[in-house]
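Structure at a glance
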Amino acid sequence: MEDQEVPSLPPPQNNNEIPPQDQAVPQVQQLQPAVLEPAPEPEPEPQNQPEPEPEPEVVPWYWWWWGHVPNDDEYEEIKYNFKHIGIITGMMIHLIYCVQNNKPLVPAAVEAIVVVPEGYVGLLWRTGFLQKPLLGPGIHVKIPLLEYSELVRVIPKTNKVSVPCSTKWGVMINFEEIKVVSQLHEEYVFETVLNHGTRYYLKWINENIQDKMNKFCNAHTFQQVYIDEFDTIQENMKEALQSDCNRHVPGIQIISVNITRPTIPDGVRLLHEQMEEERTKVLIATEHQKLALKEAETKNQLAVSEAETNATVTKIHMEQQLMEKDGLKRQQAIENEMYLAREMSMADAHLYRVTRESEANAIKRNGSQLMEVVPGTNNTFFFGVRVANMDPRIFH
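Residues numbered from 1 in each chain as written. Predicted model: local features only at pLDDT ≥ 70, side-chain atom pairs only at ≥ 80, totals over all residues. Heavy atoms only, no water.

1. Overview of the overall build of the chain
Put simply, the rule reads: Going along the chain from the N terminus, every DSSP run of H or I of four or more residues is numbered as a helix, and every run of E of two or more is numbered as a strand. Note on exposure labels: buried denotes an accessible area under 20% of the residue type's maximum, exposed denotes more than 50%, and partly exposed covers the range between, all computed with a 1.4 Å probe on protein chains only. We call two residues in contact when some of their heavy atoms are within 4.5 Å. Note on areas: Shrake-Rupley with a 1.4 Å probe; residue coverage comes only from the protein chains shown.
A tally of regular secondary structure across the chain gives 8 helices and 10 strands. Out of the 396 residues belonging to the chain, those deemed buried represent 22%. A separation threshold of at least 6 residues defines the contact pool for the chain, and within that pool the share at least 24 residues apart is 59%. Element-wise, carbon and sulfur atoms account for 56% of the exposed surface of the chain, whose accessible area totals about 30000 Å².

Written out as structure tokens, the structure reads:
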């Protein structure tokens, strides 16, 4: 069978079998026996030359426990895995990393110290959570890799804000510097930082004053913003800021708001200067008119005052004369009363004398005792029948 040459049939094709690359397909096909033998396995391909192994990395002695020098991401992972070991381990890792990567050497012991000056309070975050109590003025200690600290000012501070805005009719003006003096009270620091962060003033002071100034300018004209109502802006802004702080951030006190006059475009400035010049002229003319009216009024007042003075003086003189006349009248009345009394007294005396004389004459005519006084002498003569019976002492 093997020596007979018969035309051979092609072997069954096997899709999974790949002919070896080093064998060529024969041109003359040989007869196969009735029992087909499996195709010969392909010879293994020659292997490539092995690549040279890289030189082993020289690991410093202080990274032997890690196996190689870690990169930045691995370093953060190491810190996270070792954060619960304590302060000493964190200090060692920090120092090693700084030395290996030629970074600024900040000792971890320095990072563990928190110095709080007067006028500030210290806040401490541990694994991202804000801790109580607050750190007062002085020196405090923290865990560098586990805790984070920040200072918050509790004494008055000044925030400076620049606010560009547009007026009601589209005039662009710029408030270059608005100063807001505020203070965060210490008893509200924890709640304020917990709800609004340590940069609370950016939202509730800086951004708030910008928003309110823009609203004010948009609702008023240039004349009102720059001249008419400029003196009321500061007080209005202070009240508005304090109202918002009382409603949302109770610990903030707005002490004062200082707003300088805004810068305006050159064209508007020139028009405004011309308008102010004309306004000044009108004011000067008005003042001259007021001055003339005031002078005329002053003259009238002087004339009235002079007339009133003259009338008063005349009245005083008349009253003086009346008083003098009244005094003379009273004096004359008194003199008349005195004269009347004197005349009455003289009349009474004359009446008494005449009466006595008539009585004496009657006695004389009746033959009774009669006495006669010789005028101009001291001689007295008695007549009558009873002269002898009279008391002799009468004649002495």
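This is not the end of the story, as more comes after the structure.
2. Focus: unusual backbone geometry
Backbone phi values are negative for most residues with the exception of glycine, while trans is the configuration of most peptide bonds. Residue Pro133 follows Lys132 across a cis peptide bond; omega there is -5°. Considering the arrangement of structural elements, one finds Pro133 in the loop between β3 (129–130) and β4 (138–141). Despite not being glycine, Thr127 shows a phi value in the positive range, around 50°. Following the sequence through the fold, Thr127 ends up in the loop between β2 (120–126) and β3.

3. Section: the side chain of Asn208
Looking at the secondary structure, you find Asn208 in helix α5 (residues 200–218). You can call Asn208 buried: its relative accessible area is 9%.

4. Quick word on the sheet that holds β3
Quick note on the threshold: At least two DSSP bridges between two strands are required for those strands to pair.
Taken in spatial order, the 3 strands of this open sheet run β3-β2-β5, and their pairing is antiparallel. Two strands in the sheet have a free side with no partner beyond their single neighbour: β3 and β5 (147–153). The pairing of β2 with β5 spans 7 bridges and is classified as antiparallel. Each residue of the ladder has a partner; that of Leu124, found in β5, is Ser149.

5. Thoughts on the sheet that holds strand β6 (residues 157–166)
Strand pairing in a sheet takes place through backbone hydrogen bonds and is either antiparallel or parallel in direction. Inclusion rule: Think of each axis as a best-fit line through the C-alpha atoms, taken over the contacting stretch in the case of a helix, with angles from 0 to 180 degrees between the N-to-C directions.
Taken together, the 3 strands give an open sheet; going across it, the order is β6-β7-β8, and neighbouring strands pair in antiparallel fashion. Each edge of the sheet is formed by a strand with only one pairing partner; in this case those strands are β6 and β8 (252–259). Within the sheet, the average angular offset between the axes of one strand and its neighbour, ignoring direction, is 30°. Bridge analysis of β6 against strand β7 (residues 172–184) gives 9 bridges, and the strand direction is antiparallel. Across the sheet, the residue bridging to Lys160 is Lys179, located in β7. Sitting on the sheet, α5 touches β6, β7 and β8, and the angle it makes with β6 is about 35°. Each of β7 and β8 is contacted by helix α7 (residues 230–248), which is oriented at about 160° to β8, the strand it contacts most.

6. Digging into the packing of aromatic side chains
Note the following rule: A pair of Phe, Tyr and Trp rings is counted when the ring centres sit within 6.5 Å of each other, with Trp represented by its six-membered ring. The angle between the planes then sorts it: under 30 degrees is stacked, over 60 is edge-to-face, the rest tilted. The criterion is that NZ of a Lys, or CZ of an Arg, lies within 6 Å of the ring centre and within 35 degrees of the ring normal, and then a charge sits over that ring.
One pass over the full model with this rule turns up 3 aromatic pairs. Ring geometry for Tyr200 and Tyr201: centres 5.5 Å apart, planes at 80°, overall edge-to-face. One exposure class covers both Tyr200 and Tyr201, and it is buried. Taken together, a centroid distance of 5.2 Å and an interplanar angle of 10° make the contact between Phe222 and Tyr226 stacked. Of the two residues, Phe222 and Tyr226 both sit in helix α6 (residues 222–228), 4 residues apart, roughly one turn of that helix. Assigned by exposure class, Phe222 and Tyr226 land together as buried. If you follow Lys157 out to its NZ or CZ, it ends over the ring of Tyr201, 3.6 Å from the centre.

7. Notes on α5
Formally: Helix span, expected: 1.5 Å multiplied by one less than the number of residues in the helix. Take the seven residues that end at a residue and the seven that start at it, fit an axis to each, and the angle between those axes is the bend at that residue.
Its 19 residues give α5 an end-to-end C-alpha distance of 26 Å, which sits within 8% of 27 Å, the value for a rise of 1.5 Å per residue. A bend of about 35° at Asn208 is the largest found in α5. Among the residues making up α5, those that are buried are Tyr200, Tyr201, Trp204, Ile205, Asn206, Asn208, Ile209, Lys212, Met213, Phe216 and Cys217.

8. A word on the confidence of the model for the chain
For any part of a model where pLDDT is low, the fine detail of the predicted coordinates should not be relied upon. Stated precisely, the cut-off is as follows: Scored from 0 to 100, pLDDT reflects the predictor's confidence in each residue.
Summarising the model, the chain shows a mean pLDDT of 76, and 66% of its residues fall at 70 or more. The model gives residues 1–37 a pLDDT under 50, and that stretch makes 16 contacts with residues more than four places away or in other chains.

9. Here's the deal with the packing of α5 against α7
Put simply, the test is: Note on terminology: angles under 35 degrees are roughly parallel, angles over 145 are roughly antiparallel, angles of 65 to 115 are roughly perpendicular, and the others are oblique. Two helices that cross are described as forming a left-handed crossing if the nearer one is turned anticlockwise from the farther one by less than a right angle, and a right-handed crossing if clockwise. Polar here means any residue outside two lists: the nonpolar Ala, Val, Leu, Ile, Met, Phe, Trp, Tyr, Cys and Pro, and the charged Asp, Glu, Lys and Arg; Gly therefore counts as polar.
Taken N-terminus to C-terminus, the directions of α5 and α7 make an angle of 130°; their axes are 10 Å apart at the nearest point. Here α7 runs oblique to α5, going by the angle between their axes. Helix-helix and strand crossings are classified by hand; for α5 and α7 the assignment is right-handed. Residues Trp204, Asn208, Ile209, Lys212, Met213 and Phe216 of α5 form the contact with α7, whose own contacting residues are Ile233, Met237, Ala240, Leu241, Asp244, Cys245 and His248. Residue classes in the contact of α5 with α7 are distributed as 9 nonpolar, 2 polar and 2 charged.

10. Re the side chain of Thr198
For clarity, the threshold we go by: Any pair of nitrogen or oxygen atoms within 3.5 Å is treated as a polar contact; in protein, a donor-acceptor pairing is required on top of that, and neighbouring residues in sequence qualify only through side-chain atoms on both sides.
Within the secondary structure layout, Thr198 lies in the loop between α4 (189–196) and α5. On the basis of relative accessible area, Thr198 is assigned to the buried category, the value being 15%. Engagement of the side chain of Thr198 in a polar contact is seen with the side chain of Glu150, the distance being 3.1 Å. If we skip the residues at most four places from it in the chain, Thr198 touches Leu123, Trp125, Glu150, Val152 and Val193.

11. Let's talk about the pattern of salt bridges
Going by this rule: Salt bridge, as used here: a side-chain nitrogen of Lys or Arg that lies within 4 Å of a carboxyl oxygen of Asp or Glu.
With the rule as written, the count across this model stands at 10 salt bridges. The salt bridge involving Glu177 is made with Lys179; its shortest N-O contact spans 3.8 Å. Residue classification places Glu177 among the partly exposed positions, given a relative accessible area of 29%. Accessibility expressed as a relative area gives 28% for Lys179, which makes it partly exposed. Taken together, the shared-partner salt bridges in this structure form one network comprising Lys160, Glu177 and Lys179.

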